[in-house]
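# Architecture at a glance
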Amino acid sequence: MPFLRPMFLFCRYAQQTDAGQLTRSLLLEPRATVNVKPNLQIIADDVKCSHGAAISDLEETQLFYFLARGIDLETARKALVFSFGAEVIERLPNSFMQKQVESHVKGLLSSTFKGSSH
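Residues numbered from 1 in each chain as written. Predicted model: local features only at pLDDT ≥ 70, side-chain atom pairs only at ≥ 80, totals over all residues. Heavy atoms only, no water.

Let's shift gears to the pattern of salt bridges. Inspection of every chain in the model, using the stated rule, returns 4 salt bridges. With a closest N to O distance of 3.3 Å, Glu74 and Lys78 form a salt bridge. Of the two residues, Glu74 and Lys78 both sit in helix H3 (residues 73–90), 4 residues apart, roughly one turn of that helix. Classification of Lys78 as partly exposed rests on a relative accessible area of 23%. Arg91 is the partner of Glu87 in a salt bridge, and the nearest nitrogen-oxygen pair spans 3.4 Å. For Glu87, a relative accessible area of 32% translates into the label partly exposed. Residues participating in the shared-partner salt-bridge network are Arg24, Glu87 and Arg91. (Salt bridge = Lys/Arg side-chain N within 4 Å of Asp/Glu carboxyl O. Helix = DSSP H or I, 4+ residues; strand = E, 2+ residues; numbered from the N terminus. Buried < 20%, exposed > 50% of the residue type's maximum accessible area, 1.4 Å probe, protein only.)

Listed in full, the 10 residues of the largest apolar core are Leu58, Leu63, Phe66, Ala76, Leu80, Val81, Phe82, Ala86, Ile89 and Leu109. Considering each element in turn, this core owes the most residues, 6 residues, to H3. Ignoring sequence-local partners within four residues, the contact set of Leu109 consists of Lys78, Val81 and Phe82. (Core = buried A, V, L, I, M, F, W, Y, C linked by side-chain atoms within 4.5 Å. Contact = heavy atoms within 4.5 Å.)

As structure tokens, this is what we get:
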């Protein structure tokens, strides 16, 4: 289970901050669980902050969309899992790093789903 640190906003440096904290978790195994507790500690007078959490597994309708178009289940699952993390990859500071991470993640997905019963 991932451990998430609380976000702290301290007095002098945080005034007029508009910040948000969002945790997204993807459950990939039938018995998988996640414990998420977004936590903000604000020690400032003039701030706007929000926090939230979203937890889901791969949706059957998304998998059906791929299957209805002739894409096998393993490829559909890989595509959906990859797209879940693509937003993070896109935020990396340069294209070389993005390509390196993308290649590494695709390699991990290939070895993870190979022979999978999903």
